[in-house]
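Analysis of the macromolecular model
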Amino acid sequence: MNIEELKAIATRIRKDVVTMHQIGTNVGSAMSAADIIAVLYFNVMNISSPDDPERDRFVLSKGHAASALYSALAQKGFIDSALLKDYQQNGSDLTGHPCQKNVPGIDASTGSLGHGLPIAAGMAMAAKRDNKKHRVFVIIGDGECQEGSVWEGAMLAVQQKLDNLTIIIDANNLQGYGRAEDIQPIETLGPKFEAFGWSVKQIDGNDIGQLVDTLSKTPFEAGKPSAVIGRTIKGKGIAEMEDVLGWHYFSVPKDKLEKFIEELDGNK
Amino acid sequence: MRLALLKKLTEFMEKDDSVYLLTADTGFHVFDEYPTKFGERYLNVGICEGAMIGMAAGLALEGKKVFVYGIVPFVTMRCFEQIRVDLCYPTLPVTIIGVGGGLTYGPAGMTHHSIEDIALMNCLPNMTVLCPGDAVETEYALDAIMNLQGPCYLRLGKTGEAVIHSKPLTDFAIGKGITVRKGSDIAIIATGNMLPAAVEAGQLLRDKGKEPEVVSMHTVKPIDRKLIIDIASRCKTIVTVEEHNMIGGLGSMVADVLTDENLKVKLKKFAINDQYAQKAGSQQYLRSQYGLTAENIAEELLK
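The present account deals with the structure reproduced in this document. Nothing here was measured: the structure is a model prediction, and the numbers come from that model. (Residues numbered from 1 in each chain as written. Chains lettered and ligands numbered in written order. Predicted model: local features only at pLDDT ≥ 70, side-chain atom pairs only at ≥ 80, totals over all residues. Heavy atoms only, no water.)

Attention now goes to the environment of Lys-64 of chain B. Mapped onto the fold, Lys-64 of chain B is located in the loop between α3 (49-61) and β3 (65-71). Given the relative accessible area of 7%, Lys-64 of chain B is considered buried. For the pair formed by Lys-64 of chain B and Ile-145 of chain B, sequence separation is 81 residues and the distance between their alpha carbons is 14 Å. A polar side-chain atom of Lys-64 of chain B sits 2.6 Å from a polar atom in the side chain of Asp-130 of chain A. (Helix = DSSP H or I, 4+ residues; strand = E, 2+ residues; numbered from the N terminus. Buried < 20%, exposed > 50% of the residue type's maximum accessible area, 1.4 Å probe, protein only. Polar contact = N/O pair within 3.5 Å; in protein donor to acceptor, adjacent residues only side chain to side chain.)

Moving on to the sheet that holds strand β8 (residues 186-190) of chain B. All names here are of chain B. The five strands lie next to each other as β7-β9-β8-β11-β12, forming an open sheet whose pairing is mixed. Every other strand in the sheet has two partners, leaving β7 (178-181) and β12 (266-272) as the edge strands with one partner each. When strand polarity is set aside, the average angle formed by the axes of neighbouring strands in this sheet is 25 degrees. Both β8 and strand β9 (residues 212-216) contribute to a ladder of five bridges, which runs parallel. Residue Ile-188 lies in a different strand from β9, and its bridge partner there is Val-214. Relative to β9, helix α8 (residues 195-207) is tilted by about 170 degrees, and along the sheet it contacts β7, β8 and β9. (Pairing = 2+ DSSP bridges. Axes fitted to C-alpha atoms, helices over the stretch in contact; angles between N-to-C directions. Contact = heavy atoms within 4.5 Å.)

Here we come to the nonpolar core. Within the largest apolar cluster, 81 residues are counted, with the highest numbers of intra-cluster contacts made by Leu-165, Phe-193 and Trp-198 of chain A together with Leu-22 and Ile-83 of chain B. If we ignore the near neighbours within four places in the chain, the residues touching Leu-22 of chain B are Leu-43, Val-45, Met-52, Met-55, Ala-56, Leu-59, Val-66, Phe-67, Val-68 and Tyr-69 of chain B. (Core = buried A, V, L, I, M, F, W, Y, C linked by side-chain atoms within 4.5 Å.)

Moving on, we come to the interface of chain B and chain A. Interface size is often expressed as the accessible area that is lost when the parts come together. Between chain B and chain A, the contact holds 25 residues from the first and 26 residues from the second. A buried area of about 2200 Å², summed over both sides, lies between chain B and chain A, and 59% of it is on carbon and sulfur atoms. Our count for the contact surface shared by chain B and chain A stands at three salt bridges. Between Arg-129 of chain A and Glu-40 of chain B there is a salt bridge; the shortest N-O distance is 3.8 Å. The tally of links from chain B across to chain A stands at ten residue pairs in polar contact (both at pLDDT 80 or more). Here the side of chain B that touches chain A takes nine residues from α3 of chain B, the largest share from any one element. (Buried area = accessible area lost by both parts, 1.4 Å probe. Salt bridge = Lys/Arg side-chain N within 4 Å of Asp/Glu carboxyl O.)

Space inside the largest pocket adds up to approximately 330 Å³. Of all the elements in the fold, those that place two or more residues in the lining of the largest pocket are α8, α11 (283-289) and α12 (294-302) of chain B. Broken down by class, the residue content of the lining of the largest pocket amounts to five nonpolar, eight polar and five charged. Approximately 270 Å³ is the volume attributed to the second largest pocket. Contributing to the lining of the second largest pocket are 14 residues, with Thr-11, Arg-14, Asp-35, Lys-236 and Asn-267 of chain A lying nearest its centre. At four residues, helix α1 (residues 3-20) of chain A tops the list of elements feeding residues into the lining of the second largest pocket. (1 Å grid on protein atoms, 1.4 Å probe; cavity = no way out; pocket = protein on both sides within 12 Å on 5 of 7 lines; lining within 4 Å. Points joined across faces, edges and corners; volume = space filled by probe spheres on them. Nonpolar A, V, L, I, M, F, W, Y, C, P; charged D, E, K, R; others polar.)

Okay, the packing of aromatic side chains next. Under the counting rule described, the total for this entry stands at 14 aromatic pairs over all chains. Where Trp-247 of chain A meets Phe-260 of chain A, the ring centres are 5.9 Å apart and the plane angle is 70 degrees; that geometry is what we call edge-to-face. Of the two residues, Trp-247 of chain A sits in the loop between β7 (226-231) and α9 (254-267) while Phe-260 of chain A sits in helix α9, which places them 13 residues apart along the sequence. We note that Trp-247 of chain A, like Phe-260 of chain A, is buried. An angle of 20 degrees between the planes, with centres 6.2 Å apart, marks the rings of Phe-12 of chain B and Phe-67 of chain B as stacked. Placement of Phe-12 of chain B in helix α1 (residues 2-15) and of Phe-67 of chain B in strand β3 is noted, with a sequence separation of 55 residues between them. The burial state of Phe-12 of chain B is the same as that of Phe-67 of chain B; both residues are buried. Chaining the aromatic ring pairs together yields one cluster made of Phe-31, Tyr-34, Phe-38, Tyr-42 and Tyr-69 of chain B. Over the face of the ring belonging to Phe-42 of chain A we find Lys-76 of chain A, whose NZ or CZ atom lies 4.9 Å from the ring centre. (Phe/Tyr/Trp six-rings, centres within 6.5 Å; stacked < 30°, edge-to-face > 60°. Lys NZ or Arg CZ within 6 Å of the ring centre and 35° of its normal.)

Turning our attention to empty space enclosed by the protein. Here the structure, examined in full by the defined rule, presents three cavities of 30 Å³ or more. When its residues are assigned to classes, the lining of the largest cavity shows seven nonpolar, three polar and one charged.

The next subject is the sheet that holds strand β2 (residues 136-141) of chain A. Residue and element names in this part refer to chain A. One open sheet accounts for five strands, arranged β1-β2-β3-β7-β6; its pairing is parallel. Looking at which strands have only one partner, the edges of the open sheet turn out to be β1 (57-60) and β6 (199-204). Averaged over all neighbouring strand pairs, the angle between strand axes comes to 20 degrees, with direction disregarded. Of the strands in this sheet, β1, β2 and β3 (165-171) are in contact with helix α4 (residues 116-129), which crosses β2 at around 170 degrees. Contacts from helix α7 (residues 189-196) reach β3, β6 and β7, with the element oriented near 160 degrees to β6.

A few words on the pattern of salt bridges. Considering all chains together, one arrives at 33 salt bridges over all chains under this definition. With a shortest N-O distance of 3.6 Å, Glu-221 of chain A and Lys-224 of chain A are connected by a salt bridge. On the basis of relative accessible area, Glu-221 of chain A is assigned to the partly exposed category, the value being 36%. With its nearest N and O atoms 3.5 Å apart, the salt bridge here joins Arg-206 of chain B to Glu-211 of chain B. Note on Arg-206 of chain B: relative accessible area 18%, which makes it buried. The network of salt bridges with common partners includes Lys-8, Glu-11, Lys-15 and Asp-143 of chain B.

Purely spatial values, then, with no claim about function.
Now the structure itself:
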């Protein structure tokens, strides 16, 4: 899929996200990760069916961006697009944080921060042991990297030489109650992963071209897991939402939905 | 119990390529041969129990049957949330083997005691909680675990515990208690490493003319409701014995059944009275401080 087509996928994700987020929180987080998810599912990962045991795996460690993932799964045809409107509604399988048992194509239940990398390391280790060629991709938040278990997982991935494992840090610099850089400067994330033994690249995580170029070249070094620090903008695509902490919490008001959709269409 | 564990685990690892064992830097002199024997499937992850549970989940999601091993507080409490989200929510076949159940590591101090673990594991949906009473039960429990589809907590002692069962436990099943000795007036239900003390207490009562029944409730969850109901129909008093806090363990599980079924039976719980050990001391010393020796139990029941 070419860059323009991938941009259209990312726009579709964002339009689905704002529509879904008339309920619930974390719309800004899902908007921030939309380009990464679009590139992974429609360019980088080998995934044409959720049931294919040889396909690549994906773990959304920042499970609060689930709505963007649901949109990608719907666009892949793994789930019925009609389900998206039920997101977080009573009785829906589309919980605010994804459940592996509920939804085809969700490879791990996430939502509690810091869990995804160790799980993905286990998946990647199993692939190595079984001489399988599939790879494992993980999206982690920058704030999430304050969890100790991220670094436990980072250590394990190196110990096991998991070069079939790639993490993408969605570094939008806004966490639950402030700037991520006030807790842990984002510039230090790359050196930290390098010091743990990872091969690291830093890119603009909302730039489809850079994402394609970078993620298509994993592993960056044989025998090492790969980390991509992707600088992103929370709420990317809607001017009112971009880089505003409040959109970690706000739902999209009914009277703004049409305007947001138009803005996203204009940004294509 | 640990030798029984080693025997069965080695058997499983030899027979079945999908069996993995992860440890978080424990198992000195237990798994010494594993790196050479099972190098690909035995892994000391390092001192990081949270990531160990996550990694076990990842392996299980890829079709592996995973055992993780460690000292109880570190493989249950430190990584509780990983157990909850990564294992129990998706119902993955990962067994947490906790050694040093209760006051086994008495002299080490409170950090290495486990008096809350059964309660914590009990309250997790989809979790099976097994506390075998001796080495024989441990072997049967492990065989049963190999056929279990979901997560399991196996609480063991250490080594050298008394062996209670002299015959094969051909009817062993998860969720089915074992009547060690039939009785009529009082029923002593024990779990885990308190089974030998319960058997001994039963004998002391028998010496005094009582007819106590002694039961090994190796499965705390799912609890054997049928057996408890049956016992309650025959005995006036039920006694529970566990090396665990008074709250949330075997006694609480039995009490729940009695309440649910509206059974009018006297229940007496022998357990730790909601306090941490402040002093060092052997397992036996600490048990005596909590009234958990065979003599304490028998004496109390003869009052």
